[in-house]
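Chain by chain, the residues:
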Amino acid sequence: MTATMIAETSVDFDAEGFLTDPAQWNEDIAREIARENDIPELTDRHWLVVRFMRSRYLETGTAPSIRALGKESGVPIKELYELFPKGPAKLAAKVGGIPKPRGCI
Amino acid sequence: MTTLMLETPKVSTEEPEPKTIEKVAIVVSKGSLEGIYPGLIMANGARMEGIEADVFFTFFGLDAIRRDRFEHIKVATVGNPGLHMPTLLGAIPGASWLVTRMMKRQMEKIDIPPIPEFIELVGDSGAKLYACKATVDMFGLTMDDFVPQVEDVISVGEFYEKAAGGQIIFT
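Conventions adopted
Residues numbered from 1 in each chain as written. Chains lettered and ligands numbered in written order. Predicted model: local features only at pLDDT ≥ 70, side-chain atom pairs only at ≥ 80, totals over all residues. Helix = DSSP H or I, 4+ residues; strand = E, 2+ residues; numbered from the N terminus. Buried ≥ 20, exposed ≤ 12 C-beta atoms within 10 Å, placed from the backbone. Contact = placed C-beta atoms within 7 Å. Core = buried A, V, L, I, M, F, W, Y, C linked by C-beta atoms within 7 Å. Axes fitted to C-alpha atoms, helices over the stretch in contact; angles between N-to-C directions. Parallel < 35°, antiparallel > 145°, perpendicular 65-115°, else oblique. Left-handed = near helix turned anticlockwise from the far one by under 90°. Pairing = 2+ DSSP bridges. pLDDT = per-residue confidence, 0-100.

Caption draft 1: Representation of the overall build of chain A within the structure. Secondary structure assignment for chain A yields 5 helices and 2 strands. In chain A, the order of α-helices and β-strands from amino to carboxyl end is β-β-α-α-α-α-α. Each principal axis of the C-alpha distribution contributes one length, and for chain A these read about 35 × 30 × 20 Å. Counting the 105 residues in chain A, one finds 35% classified as buried. Across chain A, contacts joining residues at least 24 apart in sequence account for 50% of those joining residues at least 6 apart.

Caption draft 2: Spatial organisation of the nonpolar core. Ranked by size, the top nonpolar core spans 61 residues in total, and within it V55, F57, A64 and I65 of chain B carry the most contacts. Here this core takes 7 residues from helix α1 (residues 33–48) of chain B, the largest share from any one element.

Caption draft 3: View of the packing of α1 of chain B against helix α4 (residues 115–124) of chain B. Residue and element names in this part refer to chain B. Interaxial distance between α1 and α4 falls to 10 Å at its minimum, and their mutual angle equals 30 degrees. The orientation of α1 relative to α4 falls into the category roughly parallel. Classified by chirality, the crossing of α4 by α1 is left-handed. For the pair α1 and α4, the contacting residues are I36, L40, A43 and N44 in the first and I115, F118, L121 and V122 in the second.

Caption draft 4: Local environment of the interface of chain A and chain B. Counting residues at the interface gives 15 residues for chain A and 13 residues for chain B. The element that contributes the greatest number of residues to the side of chain A that touches chain B is helix α3 (residues 66–72) of chain A, accounting for 4 residues.

Caption draft 5: Quick look at the sheet that holds strand β2 (residues 52–57) of chain B. All names here are of chain B. Across the sheet, 5 strands lie side by side as β4-β3-β2-β1-β5; this open sheet has parallel pairing. In this open sheet, the two strands that pair with only one neighbour each are β4 (150–154) and β5 (167–170). Each strand of the sheet is rotated relative to its neighbour by a mean of 25 degrees, with strand direction disregarded. Sheet analysis places strand β3 (residues 128–132) next to β4, joined by 4 bridges and oriented parallel. Looking across to β4, one finds that C132 is bridged to I154. Sitting on the sheet, α1 is in contact with β1 (23–28), β2 and β5, with an inclination near 165 degrees to β1.

Caption draft 6: View of the confidence of the model for chain B. With 89% of its residues at a pLDDT of at least 70, chain B reaches an overall mean of 92. Across the assembled chains, the prediction reports ipTM 0.90 with pTM 0.88.

Caption draft 7: Here's a closer look at unusual backbone geometry. All names here are of chain B. Although it is not a glycine, F59 adopts a positive phi angle of roughly 45 degrees. Residue position: F59 is located in the loop between β2 and α2 (87–90). The exposure class of F59 is partly exposed, given the 17 C-beta atoms found within 10 Å. With a phi angle near 50 degrees, H84 is a residue other than glycine that sits in the positive phi range. Looking at where H84 falls in the secondary structure, it is placed in the loop between β2 and α2.

Caption draft 8: View of the pairing of β1 of chain B. Residues and elements named next belong to chain B. In terms of burial, β1 is a largely internal element, 5 of the 6 residues being buried. In this structure, β1 lies alongside β2, joined through 6 bridges in parallel fashion. By the bridge assignment, V24 is partnered in β2 with A53. Bridge count for β1 against β5 is 4 bridges, and the pairing is parallel.

Caption draft 9: Up close: the environment of M143 of chain B. Among the secondary structure elements, M143 of chain B is positioned in the loop between α5 (133–138) and β4. Using a count of 12 C-beta atoms within 10 Å as the deciding quantity, one classes M143 of chain B as exposed.

Dropping the structure here:
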C-alpha cells in the first residue's frame, strides 16, 4: 500500500493502483487516476459508468459484472470498450475509487 | 555481533520480458455446453483485462456460432465422468435436457449469460470470431449459417497468422 498526495489529500492505493478506502475518493482523484490510465478527459459517458460502478459497489459490496454494466448502466458494451479500451469494469472501478472487481464475467 | 556480507546479486543487462499477456487466440473445438463456455469465458476475461482476443471455432465448436444451433447447446450427459452420474442414466431421453436446464440456472445465478447473449457480449467487447474453413467445407456451411458476430471463415494457416505474437489456448 502506498499513500499519494492528490489534490492536497493523502490517498492510499494498493499495489495495482486501486484505492484501498473508497471513502477517500473524490472527483479530482478520479480525474487524476483517469489521466494516469490513458484517459485524458472524463466525458459525461465516462462519469455515467464510473458513478454506476461506484454506487453499485457501495450498495451491494461487490462491483457489477461487465454483463450488468452493459445492461444496466445505460452504456452498451461496445461503447464501454471505446470509453475504457484497457478494460471497462477494471478501469471504471479504479477511477471510481472502489476495489478491483473479482468476478470472472 | 557479526556483520554478514552478502554477495551483491548479479544484475542482468538484458531488458526483462514484459510480464503481461497482450494477445490470446482461443480455439473452441467442442460443441457441448461445457465445451463451449470455457473458451467464451476466457475470451471475455481477456477483453476485460484489455487483452486482444481472437476466437477460432472448429469442428463441433462451430455450433456455438451457428444460428440454428447456438440456442440449443446441451451438456453431454453420456461419457462425461465429471457429472458423477451412471452412464445409463445419462442416456435416458431428456437427461441431457434436464441437466442442461439445471446448469443454466446455476450459471444465471452467478451472472454467466446464456450462449447467444455471451456470443454477442464477446463480439461487442471487440474479440474477433472466426469459423474454421475445413469444418465449414466438411459440413457444407456458408457465412449465412453463422451469427453476425462472425468475422470470417479462415484456414488454419490464417489463424496462425492472426495469432502471431500472442498465446494460443485450445479448449
